[in-house]
Amino acid sequence: MAKGKRINKKLIYTIVVIVLALISYFGLDNYDKFFDEEYPWESSQIDTTDMINVHYIDVGQGDCTLIVCGGETLLIDAGENGHEQQIINYLNSVGVKKLDYIVATHQHSDHIGGIPEVLENFGANNIIMPRLTEAQTPTNSTYTAFLKAIQKSDAKVIASKVGAEYTLGGAEFKILGPVTNDAEDINSMSVVVKVTYGENTFLFTGDAETEEEKEVLETGANLDCDVFHAGHHGSYTSSSKDFLNAVTPEICIISCGADNDYGHPHDAALKRIKKHTDEIYRTDICGSIVITGDGSTLSVTYENQ
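The sections below set out a description of the structure shown in this document.

Definitions and limits used
- Residues numbered from 1 in each chain as written.
- Predicted model: local features only at pLDDT ≥ 70, side-chain atom pairs only at ≥ 80, totals over all residues.
- Heavy atoms only, no water.
- Axes fitted to C-alpha atoms, helices over the stretch in contact; angles between N-to-C directions.
- Helix = DSSP H or I, 4+ residues; strand = E, 2+ residues; numbered from the N terminus.
- Left-handed = near helix turned anticlockwise from the far one by under 90°.
- Contact = heavy atoms within 4.5 Å.
- Nonpolar A, V, L, I, M, F, W, Y, C, P; charged D, E, K, R; others polar.
- Buried < 20%, exposed > 50% of the residue type's maximum accessible area, 1.4 Å probe, protein only.
- Arc of directions from axis to C-beta.
- Pairing = 2+ DSSP bridges.

Some details on the packing of helix 2 (residues 84-93) against helix 4 (residues 115-122)
Stage number 1. For the pair helix 2 and helix 4, interaxial distance at closest approach is 9 Å and the crossing angle is 35°. Between helix 2 and helix 4 the crossing geometry is right-handed. Contact residues: E84, I87, I88, L91 and N92 in helix 2; E117, V118, N121 and F122 in helix 4.
Stage number 2. Its residues assigned to classes, the contact of helix 2 with helix 4 comprises five nonpolar, two polar and two charged.

And the structure:
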């Protein structure tokens, strides 16, 4: 029996020595990564580096954008009903645990359809959305589910306000619209967001149409940006000449579904955009698109390379 105890102690000692040697040789961080192959979820970690990553997620005929900077997260819209699991899988794949902000640009189903499931799976600290009048408020089941999910969550609900600013890691984002709340079409009640990280700038306009674009222009807001997410999926009723002259994008992203029933993006909008940039990326062609910025330069990658 005594001999058996000596053998066990020796074995334990040997294991401890090996473990310490591995930690010493590879470092604690790399040691944890030994298990990535066996436990793949360990390798999905939110990016906490000094960069900004903007994920234009392909959700067909809808909008969904994830912005990550310094480990903090902002989700702008969550696509149409039926794309919930796709969004959940994507967020999981990049290591999202909880969302710091959700911006629901407006209350159409192709922008809020997936928000209930996103809230159920990830939660959110803050939800920013436009305050609608009674006449503007939808009465459909998608909107009802959206409201119920928000009520069940512990998120702080914030009515969008022009000029409001928020931090996101080393970045900040500012609300530029809607300016008024009297639009007949809630497309023109869309929350307009400008994200700034160093010299990198990104503009999001939801489904804002010419009416809202004009109101935002009249505020004198600085709309100049590097990357413009074209309004209303590239509809001819958005991305007007005057608005684009103020935006002057270097890169344009269009979120739309392949062979969609609306004909998005429309030729008229594409022609106006092409007067400013030929660097146009579309989710119906490229799949999901990721733009990474270091505060100075930008790089673009996409799913269907």
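Observations concerning helix 8 (residues 267-274)
Stage number 1. If you check which residues of helix 8 are buried, you get A269, L270 and I273. Seen end-on, helix 8 carries its buried residues on one side only, within an arc spanning 100°. The outward face of helix 8, more than 90 degrees from its buried face, is lined by the exposed residues D267 and K271.
Stage number 2. Contact partners of the buried residues in helix 8: helix 7 (241-247), strand 12 (251-254) and strand 13 (280-282).

Re the sheet that holds strand 7 (residues 165-168)
Stage number 1. Pairing in this open sheet of seven strands is mixed, and the strands run 7-8-9-10-11-12-13 from one edge to the other. Of all the strands in the sheet, just strand 7 and strand 13 have a single pairing partner and so form its edges. Strand-to-strand twist across the sheet, computed as the mean angle between neighbouring axes with direction ignored, equals 20°.
Stage number 2. Pairing geometry for strand 11 (residues 227-229) and strand 12, over three bridges, is parallel.

Looking at the sheet that holds strand 1 (residues 52-56)
The pairing of strands in a sheet happens through backbone hydrogen bonds and is either parallel or antiparallel.
Stage number 1. Taken together, eight strands build an open sheet; the order of strands is 6-5-4-3-2-1-14-15 and the sheet is mixed. In the strand order of this sheet, the two ends are held by strand 6 (156-159) and strand 15 (298-302), each with one partner. Each strand of the sheet is rotated relative to its neighbour by a mean of 15°, with strand direction disregarded.

Describing unusual backbone geometry
Stage number 1. The linkage connecting G177 with the following residue, P178, adopts the cis geometry, with an omega of 5°.
Stage number 2. Tracing the sequence through the fold places P178 in the loop between strand 8 (171-177) and strand 9 (192-197).
Stage number 3. The residue after H264, namely P265, is reached through a cis peptide bond having omega -5°.
Stage number 4. In this structure, P265 sits in the loop between strand 12 and helix 8.
Stage number 5. The backbone of D77 shows a phi angle near 65°, a positive value even though the residue is not glycine.
Stage number 6. Tracing the sequence through the fold places D77 in the loop between strand 3 (72-76) and helix 2.
Stage number 7. Of the residues examined, D77 reaches a relative accessible area of 1% and is grouped as buried.

What is shown is where atoms sit, not what they do.
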